[in-house]
Amino acid sequence: MFCNVNFWIFLLFSMISFFMSIYLVYFDMKVYMEYLFINFNSLDIIYMMYLDWVSMMFMGFVLFISSMIFKYMGGYMGEDPNLKRFIMLVSLFVVSMMLMIMSLNFITILLGWDMLGLVSYILVIYYQNVKSFNAGMLTALSNRVGDAALLMSIALSSSFSGWNFMFYFDMYKSDYIMKMLLLFVILASMTKSAQVPFSSWLPAAMAAPTPVSSLVHSSTLVTAGVYLLIRFSPAFSLYMYKSLLIISLTTMFMAGICANFEYDLKKIIALSTLSQLGMMITVLCIGGSDLAFFHLLIHALFKALLFMCAGAIIHNFSSCQDIRYMGSLINFMPFTCICLNISNFALCGLPFMSGFYSKDLIIEVFSLNITNIFIYLMFYLSIGLTISYSLRVSFYIFYGDSNFNSLNYMNDNNNMIMLKSMLGLIFMVIFMGSLMSWIIIMTPYFILLPFWMKNFTLLVIFMGGWLGYLMNSFYYFYYSKILNFYKMSMFLGQMWNLPLVSLYSISPMFMYMGKLYYKKGDQGWLEYYGSSGIFKAMKNFIMGVQLLSYNHLKLFIFFNFLSLFILLFMV
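Residues numbered from 1 in each chain as written. Predicted model: local features only at pLDDT ≥ 70, side-chain atom pairs only at ≥ 80, totals over all residues. Heavy atoms only, no water.

Comments concerning the layout of surface pockets
Within this model, the largest pocket holds a volume of roughly 610 Å³. At the level of secondary structure, the elements contributing two or more residues to the lining of the largest pocket comprise helix H14 (334-348), helix H15 (354-369), helix H16 (373-399) and helix H18 (451-470). Tallied by class, residues from the lining of the largest pocket come to 16 nonpolar, 10 polar and three charged. (1 Å grid on protein atoms, 1.4 Å probe; cavity = no way out; pocket = protein on both sides within 12 Å on 5 of 7 lines; lining within 4 Å. Points joined across faces, edges and corners; volume = space filled by probe spheres on them. Helix = DSSP H or I, 4+ residues; strand = E, 2+ residues; numbered from the N terminus. Nonpolar A, V, L, I, M, F, W, Y, C, P; charged D, E, K, R; others polar.)

If you want it as structure tokens, here you go:
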């Protein structure tokens, strides 16, 4: 009931937002609104909204994907006893994203940013076991770094008599304080979009329910950092672009390698999200902010469908997520496998799927702009790794041998509600790429490349497909035992030991310092001179006053005689 109500509300608002964005882009309009909360002497607390075609288009996509996920949630979480609470949390999650998208002010961005972090922590620990608690703590601590960076940006922007960042773009490249502000904004975006070295929380956040993973990894939490970078991109200097390019390419390459050694289905898709986020920031760094936004929207569609298909498979496999147990699902769940295959094709950039219109253009623009051969080869190798892990997942799920229980009942008809929500997204995954390319890219790109650079993309794709086949063949397992690839695969599969470096080696120091401060400060001197000391002083004072009131008649007569004595003999 509640899922259906939210589905229709969010779907209606998504349609309104989408058509408003088309209207704004057609007439080249921007809407700026202010709402005065408090006017006290010289203090004005104002909520500002900035609505252009970028924010309205992004809100339309977020609301549409959220509506489909609410529909999907009715089937996936239908037997959950706390379904109402879960729906409220997811609705608050979407509202906080809306607040961040519409904001022009650092303060309101921080409100949406912090709400995203808080609600994501609550949703990650929803199942309340040890794994989800650890994942939630890792997610919260990693995102708090970005929150602190955003607070520093607010403090620095206070020097310029306002928190509306778009009014000061001309000063960002000349003023030293503004350059520091931009560095803090980049740090905040890196933590939210899980760029190196803050990448370890993204696969760990898969402990959340699958509808939450679908929403987080498609259009809300991880895309907030990319969206903030797109908004601030006109103010970045060349040095910032170069540094961010190296970080995003490293993230893209690392995520592609790790996905080829991972066996958890949801973690493979999460690492795929990490790779695509790296691609968005990479193309942003070479000046293609509109292309980054284009890929951000298209990626949200097929990644939401990919997670929905994974959730339907996991639901049929009794919460088993290991792809080694799956196999031959094309015979049992044909519709789910078709949806998964279509979203995989869109991820790989198959011609005339939605992902093709953004990824192919990104690759050609990248080839046109980059002169460094190392960056060029690293980018193309990451593209090939995308094909490799996509084929690996398809091999294990569709064509491999089924290693699950012999007595099972896997069928697409087990839950028709999930299939209907997946059906609502599948047409968008196929057709929305061409439609959005006509809307967003008003002026066509003229790209002139040599013949070998045009065909290098095809070569890398075929090599990635061959690598994906090779890694799942008998020869890989045979030679891996002979050449002892186990340690290397463990290193590559554990995200280059980033969880050990960024979490387990650093967090004990902060935990020890927190324990020391809590013991010596909160329960020590601060308690003695703070709340406990003030309480004791007030208690003693009140007891003294109360002692006086017990003998008020005697005291009254005594003070009268004392005053008469002073008047008679002292004056």
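Structure shown, so let's carry the discussion forward.
Observations concerning the side chain of Thr220
Residue position: Thr220 is located in the loop between helix H8 (210-218) and helix H9 (221-232). Look at Thr220 and you get buried, because its relative accessible area is 0%. Polar side-chain contacts of Thr220 include one of 2.7 Å to the backbone oxygen of Leu215. Each residue touching Thr220, except ones within four places of it in the same chain, is listed here: Val62, Phe93, Met97 and Leu215. (Buried < 20%, exposed > 50% of the residue type's maximum accessible area, 1.4 Å probe, protein only. Polar contact = N/O pair within 3.5 Å; in protein donor to acceptor, adjacent residues only side chain to side chain. Contact = heavy atoms within 4.5 Å.)

Section: H14
Residue pairs three or four apart in sequence face the same way in an α-helix, which turns once every 3.6 residues. With 15 residues, H14 ought to run about 21 Å at 1.5 Å a step, and its terminal C-alpha atoms sit 21 Å apart, in line with that. For H14, the full list of buried residues reads Thr336, Cys337, Cys339, Leu340, Ile342, Ser343, Asn344, Ala346, Leu347 and Cys348. Turning to H14, the residues buried within the fold contact helix H11 (265-285), helix H12 (289-316), helix H13 (329-332), H15, H16 and helix H17 (416-440). Within two residues after H14, Gly349 carries a phi angle of roughly 85°, on the positive side. (Expected span 1.5 Å × (residues − 1).)

Focus: the packing of aromatic side chains
Counted under the stated rule, the structure contains 21 aromatic pairs. On the basis of an interplanar angle of 85° and a centroid distance of 6.0 Å, the ring pair of Phe379 and Tyr380 is categorised as edge-to-face. Residue class for Phe379 comes out buried when judged on its relative accessible area of 0%. Overall, the relative accessible area of 2% leaves Tyr380 in the buried class. Aromatic pair Phe395 and Tyr396: ring centres 6.0 Å apart, planes at 85°, arrangement edge-to-face. Phe395 gets classed as partly exposed once you look at its relative accessible area, which sits at 34%. On the accessibility criterion, Tyr396 (11% relative accessible area) is buried. Between Arg324 and the ring centre of Tyr263, over which it is positioned, the NZ or CZ distance is 4.0 Å. Directly above the ring of Tyr263 sits Arg392, whose terminal nitrogen or CZ lies 4.8 Å from the centroid. (Phe/Tyr/Trp six-rings, centres within 6.5 Å; stacked < 30°, edge-to-face > 60°. Lys NZ or Arg CZ within 6 Å of the ring centre and 35° of its normal.)

A few points about the packing of helix H2 (residues 53-76) against H12
It is at 11 Å that the axes of H2 and H12 come closest, and there the two elements cross at 5°. Between H2 and H12, the angle falls in the class roughly parallel. Counted together, Trp53, Val54, Met57, Phe58, Phe61, Phe64, Ile65, Met68, Ile69, Tyr72, Gly75 and Tyr76 of H2 and Phe293, Leu296, Leu297, Ala300, Leu301, Ala304, Phe307, Met308, Gly311, Ala312, Ile314 and His315 of H12 form the full contact between these two elements. (Axes fitted to C-alpha atoms, helices over the stretch in contact; angles between N-to-C directions. Parallel < 35°, antiparallel > 145°, perpendicular 65-115°, else oblique.)

Some words on H2
Over its 24 residues, H2 runs 34 Å from end to end, which matches the ideal 34 Å to within 8%, given 1.5 Å per residue. The element H2 is extensively covered by neighbouring structure, given that 21 of its 24 residues are classed as buried.

Some points on the packing of H11 against H16
Closest axis-to-axis distance for the H11/H16 pair is 11 Å, and the angle between their directions is 160°. Overall, the two elements H11 and H16 adopt an arrangement that is roughly antiparallel. Considering only the axes of H11 and H16, their crossing is left-handed. Across the interface between the two elements, Leu265, Ile268, Ser272, Ser275, Gln276, Met279 and Thr282 from H11 touch Phe379, Ile383, Thr386, Tyr389, Arg392, Val393 and Ile397 from H16. For the contact of H11 with H16, the per-class residue count stands at eight nonpolar, five polar and one charged. (Left-handed = near helix turned anticlockwise from the far one by under 90°.)

Fair warning: the whole summary comes from geometry, so function is off the table for now.
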